[in-house]
Amino acid sequence: EPEVTQTPSHQVTQMGQEVILRCVPISNHLYFYWYRQILGQKVEFLVSFYNNEISEKSEIFDDQFSVERPDGSNFTLKIRSTKLEDSAMYFCASGYLAEETQYFGPGTRLLVL
Amino acid sequence: SQQGEEDPQALSIQEGENATMNCSYKTSINNLQWYRQNSGRGLVHLILIRSNEREKHSGRLRVTLDTSKKSSSLLITASRAADTASYFCATGGNNRLAFGKGNQVVVIP
């Protein structure tokens, strides 16, 4: 069964450094998403992406964040200058139709020191 | 904004018993989805119920949706130890999911 994959599974970085989180969505899906979950808190929406552009973003997704689909398979989340409060589990998700089931990857646990 | 909110309860049940958890939300929705998360791992989609549906079944799962009360319930029948996890409801709309805080379910063998 096809699944969303994410790399790396864990990332430790120093505050102020740039990180790129990578995702390979399910191959025929058209809608792509990033969410994050700070330890012990809710899963929070960051951004949705369709047709090579951002379709929705939350207040969390400020200028430090960007997303890109550089080729036909990868979907990346870049954090330009990480802060301590960016430490969280980051989930990628994809879906074939808008407003339908979203399939989540296993997550990347980011720790900013 | 839309927001799923589960009843903030932690359930501890014996294997074979049923587990019920509830979710409420605040605004109109297109659909409501339930996900499971095993400790520290990814979210697994369980079931989606659309705003024009009242009940849906999938295997041992039964989901109800009451749009007049803005609430949903998830019933897991004949629970197994492998059902031990956190369960989240998420409301869909505006091309995003809004998750609740999650219910921790422990099934004792």
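Scroll up for the structure.
Residues numbered from 1 in each chain as written. Chains lettered and ligands numbered in written order. Predicted model: local features only at pLDDT ≥ 70, side-chain atom pairs only at ≥ 80, totals over all residues. Heavy atoms only, no water.

## What to know about the sheet that holds strand 1 (residues 5-7) of chain A
Residues and elements named next belong to chain A.
1) Next: Taken in spatial order, the four strands line up as 1-3-8-7 in an open sheet, and their pairing is antiparallel. The sheet is open, and its two borders are formed by strand 1 and strand 7 (65-68), each paired with just one other strand. Averaged over all neighbouring strand pairs, the angle between strand axes comes to 20 degrees, with direction disregarded.
2) Next: Of the strand pairs in this sheet, strand 1 and strand 3 (residues 19-24) are connected by three bridges, and their pairing is antiparallel. If you follow threonine 5 over to strand 3, its bridge partner there is valine 24. (Pairing = 2+ DSSP bridges. Helix = DSSP H or I, 4+ residues; strand = E, 2+ residues; numbered from the N terminus. Axes fitted to C-alpha atoms, helices over the stretch in contact; angles between N-to-C directions.)

## As for the pairing of strand 4 (residues 31-37) of chain A
Residue and element names in this part refer to chain A.
1) Next: Counting buried positions along strand 4 yields seven of seven residues, so the element is predominantly enclosed.
2) Next: Side-chain alternation along strand 4 places Tyr31, Tyr33, Tyr35 and Gln37 on one buried face and Phe32, Trp34 and Arg36 on a second face that is also buried.
3) Next: With seven bridges connecting them, strand 4 and strand 5 (residues 43-50) associate as antiparallel partners. For tyrosine 31, the partnering residue across the bridge sits in strand 5 and is tyrosine 50.
4) Next: Hairpin geometry of strand 4 and strand 5 is characterised by an intervening segment of five residues between the two adjacent antiparallel strands and by a positive phi of about 80 degrees at glycine 40.
5) Next: In terms of strand pairing, strand 4 meets strand 9 (residues 88-95) through seven bridges, oriented antiparallel. In the strand pairing of strand 9, tyrosine 35 is matched with phenylalanine 91. (Buried < 20%, exposed > 50% of the residue type's maximum accessible area, 1.4 Å probe, protein only.)

## Quick word on the pattern of salt bridges
Residues and elements named next belong to chain B.
1) Next: In the structure shown here, the tally under the stated rule is six salt bridges over all chains.
2) Next: Across the pair arginine 62 and glutamate 55 runs a salt bridge, and its minimum N-O distance is 3.1 Å.
3) Next: Glutamate 55 gets classed as partly exposed once you look at its relative accessible area, which sits at 39%. (Salt bridge = Lys/Arg side-chain N within 4 Å of Asp/Glu carboxyl O.)

## Considerations on the state of the cysteines
Residue and element names in this part refer to chain A.
1) Next: For the structure shown, the criterion picks out two disulfides over all chains.
2) Next: Here cysteine 23 engages in a disulfide with cysteine 92; their sulfurs sit 1.9 Å apart. Taking the torsion about the S-S bond as the criterion, the cysteine 23 to cysteine 92 disulfide, at about -65 degrees, is left-handed. Of this pair, cysteine 23 sits in strand 3 while cysteine 92 sits in strand 9, placing them 69 residues apart in sequence.
3) Next: Exposure remark for cysteine 92: the relative accessible area of 0% places this residue in the buried category. (Disulfide = S-S within 2.5 Å.)

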